[in-house]
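Summary of structural features
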Amino acid sequence: MFQEVETNDRGKMRTFTKMYLMICLSTACIFLYQYQLSRARLISQPLHQQEVESQQQIQQKATDSNVSTMPTTTNPHPKVISESPLPPLYIITPTFRRPEQLAELTRLGYTLKHVPNLLWLVIEDVDHPTALVTKLLEHIGVPFVHLVAAMPEKFRKNKVKPRGVSNRNRGLKWIRANATEGVFYFADDDNTYDVSLFDQIRYTKKVSMWPVGLITKYGVSSPIVRNGNFSGFYDGWIGGRKYAVDMAGFAVSVNFLLSRPKAEMPFKPGYEEDGFLKSLHPLDNSEIELLASGCTEILTWHTQTKKNQPAQALDMTKYRDTNLVKLHRILV
């Protein structure tokens with residue numbers, strides 16, 4: 001009887017020993033897996049840190065370059081333009097608060113999202129950046145700098161106002177302080193653009209031009225090309241302008257701008273383009289690069305969204321507890 005009990009005890013001890021060994025082996029495997037995982041994280045950490053530091057440097061550079069007291073907002077995840085083999089593009093877009101603003105910025109933003117190595121300078125005609133605009137730019141995901149440049153009060157009293165001039169000059173100021181190469185282009189938010197246009201303007205050496213559709217009674221504003229050479233401008237309003245070109249119809253090399261430190265856009269309605277291009281002198285007409293297949297294609301259109309009336313006030317007594325309250329915060 002005692003021998004039988006002793007045999008049973010030995011069997012139980014062997015069973016417990018096996019279970020103990022299995023537990024130890026499993027624990028060792030778990031520790032080994034955790035060690036390898038931690039090691040992999042440590043190896044990858046420097047690359048992530050470089051990315052974070054690069055982003056912080058870009059944001060700091062954009063902030064430091066804003067020499068005026070006007071606030072600047074940058075994309076929290078900008079791309080480093082200089083890393084690409086493609087020449088950088090700087091798209092300057094003046095904008096102002098109106099019912100169509102967010103819709104038009106959305107359309108333009110998702111067009112620009114197809115263009116590589118691009119920085120979008122969105123410049124509002126306000127004293128402080130609009131939170132809704134900043135949120136939209138972050139959501140679209142195009143690398144951007146959000147600036148403000150309110151129109152001087154003395155011009156707001158004019159019957160015909162020089163819209164967008166302070167915005168564009170603010171963009172030029174930013175480029176002078178931050179860019180060393182590439183091309184910039186004034187792209188208004190109410191136009192429509194063929195993405196192939198951006199591929200063409202990217203290699204502008206000094207100044208490039210092309211046709212713009214749906215403008216004036218002629219239906220198009222364009223350089224006139226005869227036997228492959230520039231010979232003037234076709235536009236519904238010449239007005240004594242040396243450069244009778246639309247704002248959407250030309251791009252300029254950053255290096256060419258930097259070599260003309262006094263170049264800027266004048267506060268003269270109807271003569272903004274002409275005045276700016278004149279300020280780039282000396283510029284010979286033979287140096288103008290004719291794009292869009294020798295100015296035979298239209299890659300930019302003045303689609304001009306229908307003007308909408310401001311939204312009427314929301315009846316808070318009737319709709320206080322509905323989704324309409326949040327929607328009306330977006331509307332103008």
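Refer to the structure above for everything that follows.
Description of the structure in this document. The structure displayed is predicted, hence computed values, not measured ones.

1. A short note on the nonpolar core
- By size, the foremost hydrophobic cluster in this structure holds 35 residues, and its most contacted members are Ile175, Phe184 and Phe276.
- Tallying contributions element by element places helix H5 (residues 165-178) first for this core, with four residues.
- When residues no more than four places from it in sequence are discounted, the contact partners of Ile175 are Tyr90, Ile92, Leu121, Phe184, Val254 and Leu257.
- Formed by 30 residues, the second largest nonpolar core is a distinct cluster that contains Leu136, Val142, Phe144 and Ala187.

2. Quick notes on the packing of aromatic side chains
- Summed over all chains, the structure comprises 15 aromatic pairs.
- Between the aromatic rings of Tyr193 and Phe198, the centroid separation amounts to 6.0 Å while the plane-to-plane angle is 50 degrees, which identifies the pairing as tilted.
- Taking 6.4 Å as the distance between ring centres and 75 degrees as the angle between the ring planes, the aromatic pair formed by Phe233 and Tyr243 counts as edge-to-face. Taken as a pair, Phe233 in strand S10 (residues 229-234) and Tyr243 in the loop between S10 and strand S11 (250-253) lie far apart in primary sequence, ten residues in all.
- Among the residues examined, Phe233 registers a relative accessible area of 14% and is labelled buried.
- In textbook terms, an aromatic cluster arises when at least three aromatic residues are bridged by ring pairs, as seen for Phe184, Phe186, Phe250 and Phe276.
- Against the face of Phe96 rests Arg98, its NZ or CZ located 4.5 Å from the ring centre.
- In this arrangement the basic side chain of Lys268 is found over the ring face of Tyr271, its NZ or CZ atom lying 4.6 Å from the centre.

3. Quick notes on the side chain of Thr204
- Assignment of secondary structure puts Thr204 in the loop between helix H6 (196-201) and strand S7 (207-209).
- Here Thr204 falls in the buried class, since its relative accessible area comes to 7%.
- A distance of 2.8 Å separates the side chain of Thr204 from the backbone oxygen of Ile201, its partner in a polar contact.
- Only 2.8 Å separates the side chain of Thr204 from the side chain of Ser208, close enough to count as a polar contact.

4. Side note on helix H2 (residues 101-112)
- The end-to-end C-alpha distance of H2 is 16 Å, a good match for the 16 Å that twelve residues give at a rise of 1.5 Å each.
- Buried residues of H2: Gln101, Leu102, Glu104, Leu105, Leu108, Gly109, Thr111 and Leu112, and no others.
- Of the surrounding secondary structure, the elements contacted by the buried residues of H2 are strand S2 (89-95), strand S3 (118-124), helix H3 (131-140), strand S6 (192-193) and H6.

5. Observations concerning the pairing of S11
- Across the two faces of S11 the burial is the same, with Phe250 and Val252 and Ala251 and Ser253 all buried.
- Pairing analysis gives three bridges linking strand S5 (residues 183-186) to S11, with the strands arranged antiparallel. Looking at S11, one finds that Tyr185 is bridged to Ala251.
- Bridging between S7 and S11 involves three bridges; their strand directions are antiparallel.

The rules we used
Residues numbered from 1 in each chain as written. Predicted model: local features only at pLDDT ≥ 70, side-chain atom pairs only at ≥ 80, totals over all residues. Heavy atoms only, no water. Core = buried A, V, L, I, M, F, W, Y, C linked by side-chain atoms within 4.5 Å. Buried < 20%, exposed > 50% of the residue type's maximum accessible area, 1.4 Å probe, protein only. Helix = DSSP H or I, 4+ residues; strand = E, 2+ residues; numbered from the N terminus. Contact = heavy atoms within 4.5 Å. Phe/Tyr/Trp six-rings, centres within 6.5 Å; stacked < 30°, edge-to-face > 60°. Lys NZ or Arg CZ within 6 Å of the ring centre and 35° of its normal. Polar contact = N/O pair within 3.5 Å; in protein donor to acceptor, adjacent residues only side chain to side chain. Expected span 1.5 Å × (residues − 1). Pairing = 2+ DSSP bridges.

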